[in-house]
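Fold and contact review
Listed below, chain by chain, are the residues.
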Amino acid sequence: MPSPDLTIETERMLLRPWAESDLEAFHAIWGDSEVIWWGASESLSATREGFDRLLARHVRWPRGVRWYAMVGKAGADEDDGGILGDVLLQPARFVPGIEIGWHLRRDAWGRGLATEAAVAVLARAWTETDLDRIYAIVAVQNERSLRMTKKLGLEPIRDMEYAGLPHRLFAIERPAG
């Protein structure tokens, strides 16, 4: 069980670090080309390679910067303990800084789960880190995630290409006070 200080509880989910036993749930997300447009893992063994790299580098990141598994709470009309997706704060590859991101199993789309998780992760980031700005990058065809950036208060910065697809770069500043 992850340390309580590494978990975040929301109304419908527990956000916790990924564990080695989560490989198949991770593959259900990262192996789905409808979820991961820019290069879903074709096999469980390919997913395992990426998952193992994630687990290894995750422990070296600063406090408050991590990938969380989104686990549905029992009785919350979600998947009673099943992993619904992920929400992350990680070092960005496209700009100097930290990015927020989210990925959900297709059957979890449209329920506000990613927004709920991202709001909680941003709140934790502002209290546990000294970050002044957090970035997000969203494929311009991903209408759901573009709408979510507005709900989160992310502001568009510029359009760019990433992973061979047109994307929009967003940022959110640390709240005043």
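Fair warning: this is a prediction, and the values are worked out from it, not measured in the lab. (Residues numbered from 1 in each chain as written. Predicted model: local features only at pLDDT ≥ 70, side-chain atom pairs only at ≥ 80, totals over all residues. Heavy atoms only, no water.)

Turning next to the pairing of strand E3 (residues 67-72). Of all six residues in E3, six are buried; the element is thus mostly enclosed. Here E3 shows no split at all, with Trp-67, Ala-69 and Val-71 on one side and Tyr-68, Met-70 and Gly-72 on the other all buried. Pairing of strand E2 (residues 13-17) with E3 involves five bridges; the strand directions are antiparallel. Looking at E3, one finds that Met-13 is bridged to Gly-72. For E3 and strand E4 (residues 83-91), the ladder comprises five bridges, and the chain directions are antiparallel. Residue pairing in the sheet places Met-70 in a bridge with Gly-85 of E4. (Buried < 20%, exposed > 50% of the residue type's maximum accessible area, 1.4 Å probe, protein only. Helix = DSSP H or I, 4+ residues; strand = E, 2+ residues; numbered from the N terminus. Pairing = 2+ DSSP bridges.)

A word on the packing of aromatic side chains. Counting across every chain of the model gives five aromatic pairs. Between Phe-26 and Trp-67 the ring centres are 6.2 Å apart and the planes differ by 40 degrees, which places this aromatic pair in the tilted class. Here Trp-67 lies in strand E3 and Phe-26 lies in helix H1 (residues 23-30), a separation of 41 residues in the sequence. A residue is classified by how much of its surface remains accessible, and Trp-67, at 6% relative accessible area, is buried. An aromatic cluster of three or more residues is present, and its members are Trp-18, Phe-26, Phe-51 and Trp-67. (Phe/Tyr/Trp six-rings, centres within 6.5 Å; stacked < 30°, edge-to-face > 60°.)

Three or more residues of helix H4 (residues 143-152) are buried, namely Ser-145, Leu-146, Met-148, Thr-149 and Leu-152. Buried residues along H4 cover an arc of 160 degrees about the axis, so they all sit on one side. In H4, the exposed positions angled more than 90 degrees off the buried face are occupied by Glu-143, Lys-150 and Lys-151. Considering only its buried residues, H4 is in contact with strand E5 (98-104), helix H3 (113-128), strand E6 (133-139) and strand E8 (165-173). Just downstream of H4, Gly-153 is the residue with a positive phi angle, here 85 degrees. (Arc of directions from axis to C-beta. Contact = heavy atoms within 4.5 Å.)

What follows is about the pattern of salt bridges. In this structure the tally under the stated criterion is eight salt bridges. With a closest N to O distance of 2.6 Å, Arg-12 and Glu-116 form a salt bridge. A residue pair is termed long-range when its members are at least 10 positions apart, and Arg-12 in the loop between strand E1 (8-9) and E2 and Glu-116 in helix H3 qualify at 104 residues. Comparing Arg-12 with Glu-116 shows no difference in burial state: the two are buried. Salt-bridge contacts for Asp-107 lead to Arg-105; the nearest nitrogen and oxygen are separated by 2.8 Å. (Salt bridge = Lys/Arg side-chain N within 4 Å of Asp/Glu carboxyl O.)

The next point concerns the packing of H3 against H4. The packing of two helices is summarised by the inter-axis angle and the distance between the axes. Where H3 contacts H4, the two axes come as close as 10 Å, and the packing angle between them is 40 degrees. Accordingly, the angle class assigned to the pair H3 and H4 is oblique. By crossing handedness, the relation of H3 to H4 is classed as right-handed. Judged by residue contacts, Ala-114, Thr-115, Ala-118, Val-119 and Leu-122 of H3 engage Met-148, Lys-151 and Leu-152 from H4. For the contact of H3 with H4, the per-class residue count stands at six nonpolar, one polar and one charged. (Axes fitted to C-alpha atoms, helices over the stretch in contact; angles between N-to-C directions. Parallel < 35°, antiparallel > 145°, perpendicular 65-115°, else oblique. Left-handed = near helix turned anticlockwise from the far one by under 90°. Nonpolar A, V, L, I, M, F, W, Y, C, P; charged D, E, K, R; others polar.)

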